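# Geometric and topological summary
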Amino acid sequence: MALETDTMTKDPILKVEHLSMRFGGLMAINDLSFEAYRGDITALIGPNGAGKTTVFNCITGFYKPTMGMITLRQKAGKEYLLERMSDYEVNRDAKVARTFQNIRLFSGLTVLENLLVAQHNKLMLASGYTILGLLGFPTYKAAVGESIERAKYWLDKANLTDRADDPAGDLPYGAQRRLEIARAMCTGPEFLCLDEPAAGLNPRESLALNELLRSIRKDTDTSILLIEHDMSVVMEISDHVVVLEYGQKISDGNPDYVKHDPKVIAAYLGVEDDEVEEVIEQIEEIAPGETH
Ligand SMILES: Nc1ncnc2c1ncn2[C@@H]1O[C@H](COP(=O)(O)OP(=O)(O)OP(=O)(O)O)[C@@H](O)[C@H]1O
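Since this is a predicted model, take the numbers as computed values, not measurements. Chains are numbered independently. Their residues run from 1 in the order of the written sequence. Where totals are concerned, whole chains, interfaces and linings use all residues; where local detail is concerned, this predicted model gives features only for residues with pLDDT of at least 70, and gives and counts side-chain atom pairs only at 80 or more.

### Brief notes about the site of the ligand
In this analysis, residues qualify as near a molecule or strand once their C-beta atom, positioned from backbone atoms, comes within 6 Å of it. In the vicinity of the ligand, the contacting residues are Phe-23, Leu-26, Ala-28, Gly-46, Asn-48, Gly-49, Ala-50, Gly-51, Lys-52, Thr-53 and Thr-54. What counts as a helix is a DSSP run of H or I of at least four residues, what counts as a strand is a run of E of at least two, and both are numbered from the N terminus. Mapped onto the shell around the ligand, the elements with two or more residues apiece are β2 (26-37) and α1 (52-59). The element that contributes the greatest number of residues to the shell around the ligand is α1, accounting for three residues.

### Focus: the sheet that holds strand β1 (residues 12-23)
Read across the open sheet, the four strands follow the order β2-β1-β4-β5; overall the sheet is antiparallel. Sheet topology places β2 and β5 (79-81) at the edges, where each strand pairs with a single neighbour. Averaged over all adjacent pairs, the angle separating strand axes in this sheet is 15°, with direction ignored. Between any two strands, pairing holds if DSSP finds at least two bridges. Bridge count for β1 against β2 is eight bridges, and the pairing is antiparallel. The partner of Phe-23 across the bridge, within β2, is Leu-26. The angle between two axes is taken between their N-to-C directions and runs from 0 to 180 degrees, where each axis is a line fitted to C-alpha atoms and a helix contributes only its stretch in contact.

### Some remarks on helix α8 (residues 203-219)
Think of an α-helix as turning once every 3.6 residues; residues three or four places apart then point the same way. To estimate the expected span of a helix, subtract one from its residue number and multiply by 1.5 Å. Relative to the 24 Å expected for 17 residues at 1.5 Å per residue, α8 spans 24 Å between its end C-alpha atoms, a close match to the ideal helical length. Burial is judged by counting the other C-beta atoms within 10 Å of a residue's own C-beta: 20 or more makes it buried, 12 or fewer makes it exposed, and any count in between marks it as partly exposed, with every C-beta position built from the backbone. Among the residues of α8, those classed as buried are Leu-209, Leu-213 and Ile-216. What you see down the axis of α8 is that its buried residues fit within an arc of 50°, all on one side. In α8, those exposed residues whose orientation departs by more than 90 degrees from the buried face are Pro-203, Arg-204, Lys-218 and Asp-219. This entry defines residue contacts through backbone-placed C-beta atoms, with two residues in contact when those atoms are within 7 Å. In this structure, the buried residues of α8 make contact with β3 (41-45), α7 (173-186), β8 (223-227) and α9 (231-237). Along the arc lie the directions from the helix axis toward the C-beta atoms.

### Topic: the sheet that holds strand β9 (residues 240-245)
Taken in spatial order, the six strands make up an open sheet running β6-β7-β8-β3-β9-β10, and their pairing is mixed. Every other strand in the sheet has two partners, leaving β6 (96-98) and β10 (248-253) as the edge strands with one partner each. Here the strands of the sheet are splayed against their neighbours by 20° on average, with no regard to which way each runs. Alignment of strand β7 (residues 191-195) against β8, held across five bridges, turns out to be parallel. For Phe-191, the partnering residue across the bridge sits in β8 and is Ser-223. Its contacts with the sheet place α1 against β3, β6, β7, β8 and β9, and it is angled at close to 150° to β7.

### Digging into the domain arrangement of the protein
A domain assignment, automatic or from a database, supplies the domain bounds used here. Once the domains are mapped, the protein shows domain 1 (1-95 + 189-259) and domain 2 (104-187). With 15 residues of domain 1 at the interface, the matching set in domain 2 holds 12 residues. Those elements giving two or more residues to the side of domain 1 that touches domain 2 turn out to be β7 and α8. No other element matches α8, which puts six residues into the side of domain 1 that touches domain 2. Asp, Glu, Lys and Arg are counted as charged, while Ala, Val, Leu, Ile, Met, Phe, Trp, Tyr, Cys and Pro are counted as nonpolar; the rest, among them Gly, fall into the polar class. Looking at side-chain class alone, the side of domain 1 that touches domain 2 contains nine nonpolar, four polar and two charged residues.

### A look at α7
Along its 14 residues, α7 runs 20 Å from first to last C-alpha, staying within 8% of the 20 Å computed at 1.5 Å per residue. Taking burial as the measure, the 14 residues of α7 include 12 buried ones, the bulk of the element. Here α7 has its buried residues at Gly-174, Gln-176, Arg-177, Arg-178, Leu-179, Glu-180, Ile-181, Ala-182, Arg-183, Ala-184, Met-185 and Cys-186. Phi turns positive one or two residues past the end of α7, at Gly-188, with a value near 65°.

### Considerations on the environment of Ile-250
Position of Ile-250 among the secondary structure elements: in strand β10. Remark: the alpha-carbon pair of Ile-250 and Glu-17, spanning 233 residues in sequence, is separated by 15 Å. If near-sequence neighbours (up to four positions away) are discounted, Ile-250 is found in contact with Val-243, Glu-245, Lys-263, Val-264 and Ala-267.

### Concerning the packing of α7 against α8
One can describe the packing of α7 onto α8 by two numbers: an axis separation of 9 Å at closest approach and a directional angle of 15°. Comparing their axes, α8 and α7 come out roughly parallel. Between α7 and α8 the crossing geometry is right-handed. Residues Gly-174, Arg-177, Arg-178, Ile-181 and Met-185 of α7 form the contact with α8, whose participating residues are Glu-205, Ala-208, Leu-209, Leu-212 and Ile-216. Partitioned by chemical class, the residues of the contact of α7 with α8 number six nonpolar, one polar and three charged. Note on terminology: angles under 35 degrees are roughly parallel, angles over 145 are roughly antiparallel, angles of 65 to 115 are roughly perpendicular, and the others are oblique. For any helix crossing, the convention is left-handed if the near helix is rotated counterclockwise from the far helix by under a right angle, and right-handed if that rotation is clockwise.

### Describing the pairing of β8
The buried count for β8 comes to five of five residues, which makes it a mostly enclosed element. The two faces of β8 match: Ser-223, Leu-225 and Ile-227 on one face and Ile-224 and Leu-226 on the other face are all buried. In this sheet, β8 lies alongside β3 in parallel orientation, the contact comprising four bridges. In the sheet register, Thr-42 faces β8, and the bridge partner there is Leu-225. When the strands point away from the viewer and the path from the first strand over the helix to the second turns clockwise, the crossover is right-handed. This β-α-β element, β7 to α8 to β8, shows right-handed connectivity.

Okay, here's the thing in structure tokens:
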């Protein structure tokens, strides 16, 4: 299969090798291999039921795959075999953060509190897990200051500073999505997995999301893997796209390559491979230049 990405110069942060996941008689993921590169926004796309969320759940320790290896290599070179780790360890040790299809904020806490709670682990570590630590340790005080600075930084990046004291549950939907991403960023992840971040957003909210994701790519060392149905988001912000159908990879490359891949067109239009040429001709007649 052609891989239209310049893989020679790319540094993989995530390697998925021969991943399979069976649910009873259903092979949800079947011998899937792909890489996500450091600093990139990689999109995992495919029709409904293709297996995208299952891949996410395997990467983030929510499912134990039936077979296969998932290796995350941090910037400093340390490697983690994610398929052997719990969801908690994947987050704490490998520094992989995620969001879910359905929003999971603390809706009764304020926006700022949500960002501070996300840094609880770091603060407890700095306290030495003792009351004396909380009261007197300079390391704890420094960690508190750092957490507040980090929260302020992500409030600003997510364009939520003016809503900092409002309950998270009162925010419009698009702002809640950005808050979830800001909260994940407050944990200082090396790898951020976003499950349909643009789902249900209006065009303006979608633009604000794109801006936030671009600023993560530009201003931080965090690499992003996202599942997305909204093709305008995928094509606009992704560096690399992996396409699944029935649990298998059908295309892998840069957005332009994937967009014109007949297999991808066929999968999305729900036609057989041998009908693709005919469909492409029809598309060419309706919208010249949209296909090769
Ligand atoms: N816990 C589970 N138990 C049984 N079957 C499951 C489970 N999770 C997913 N599946 C099945 O695995 C297949 C892949 O599902 P998955 O949710 O990963 O697809 P998806 O590409 O994320 O779909 P969508 O775009 O609709 O969210 C589906 O047939 C689904 O019904």
